[in-house]
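Commentary on secondary and tertiary structure
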Amino acid sequence: MKINQLILLAVLLVAVSCQSTASSQRSVSVVGLVPMSGTSTETVSAVDADVERSGAGIRLENRDGAIGMGVELRQATYEDPSVIGDDLDGTEIAGFFRRYLQDSNNSAFIEASPILGLGLDDGTGNETSAYALLRLSAGYRWMLAENIFVDVDAGYYMTLITMDTDTPAPATEDDVSGVGVSLAIGFNF
């Protein structure tokens, strides 16, 4: 039942983000997360390990002047490079709120993005619970043509709700916080 409510919430966010006025500009973009190291803390064993966060997603944005908001659906991977085959895959839904520093199409921006992870799976039956992150970032939008753009931004992820892992070994909670860079290419419509 919770999954259906989450899907309904995502559809509602998409509908709200795509509403437009005469002066608004809608866009869709494909987003890639550049692998960057974050820190994963296992609270039970108190072990810290570097984790690389990567993935790709699709983003819908409604921009009205200097204000942009929208929703992003992402397939994310969290991998510990020090352990062979230790990667977890899952789906994340994010809302984002942007403030462009200029009304023009070429502009720097700041962004806040609450992220809901629906859980991660390592492919062998070990799964995590849902989790929540908050990403604060800054970036720049370059227009390549009249309707085509590239976004580059760097930000910091903060854990709001940890990933709980229920395995035969003692259960652990993973707190994933760290830096991240994303690249996006998209078009206005």
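It should be noted that the structure appears before, not after, this text.
Residues numbered from 1 in each chain as written. Predicted model: local features only at pLDDT ≥ 70, side-chain atom pairs only at ≥ 80, totals over all residues. Heavy atoms only, no water.

Focus: the overall build of the chain
In terms of regular secondary structure, the chain is built from 1 helix and 9 strands. Each helix and strand of the chain, ordered N terminal to C terminal, gives the series α-β-β-β-β-β-β-β-β-β. Residue burial in the chain is summarised as follows: out of 189 residues, 38% are buried. Carbon and sulfur atoms provide 63% of the accessible area of the chain, an area that totals close to 9800 Å². (Helix = DSSP H or I, 4+ residues; strand = E, 2+ residues; numbered from the N terminus. Buried < 20%, exposed > 50% of the residue type's maximum accessible area, 1.4 Å probe, protein only. Areas by Shrake-Rupley, 256 points an atom, 1.4 Å probe, with all protein chains shown as cover.)

Focus: a nonpolar patch on the surface
A cluster of nonpolar side chains, contributed by Val 30, Trp 142, Leu 144, Ile 148, Ile 185, Phe 187 and Phe 189, occupies part of the molecular surface with about 710 Å² of accessible area. Among the secondary structure elements, Leu 144 is positioned in the loop between strand S6 (131-143) and strand S7 (148-161). Judged by relative accessible area, Leu 144 falls into the exposed class, the value being 56%. (Patch = residues over 30% accessible without salt bridge, like charges linked within 9 Å, V, L, I, M, F, W, Y side chains within 5 Å. Salt bridge = Lys/Arg side-chain N within 4 Å of Asp/Glu carboxyl O.)

Overview of the packing of aromatic side chains
Inspection of the entire model under this criterion finds 4 aromatic pairs. Their ring planes at 55° and their centres at 6.3 Å tell us that Phe 187 and Phe 189 sit as a pair that is tilted. Residue Phe 187 is classed as partly exposed on the basis of its relative accessible area, which comes to 42%. Note that Arg 59 overlies the ring of Phe 96, its terminal NZ or CZ placed 4.6 Å from the centroid. Here Arg 141 stacks its cationic end above the ring of Phe 149, 3.8 Å away from the centre of that ring. (Phe/Tyr/Trp six-rings, centres within 6.5 Å; stacked < 30°, edge-to-face > 60°. Lys NZ or Arg CZ within 6 Å of the ring centre and 35° of its normal.)

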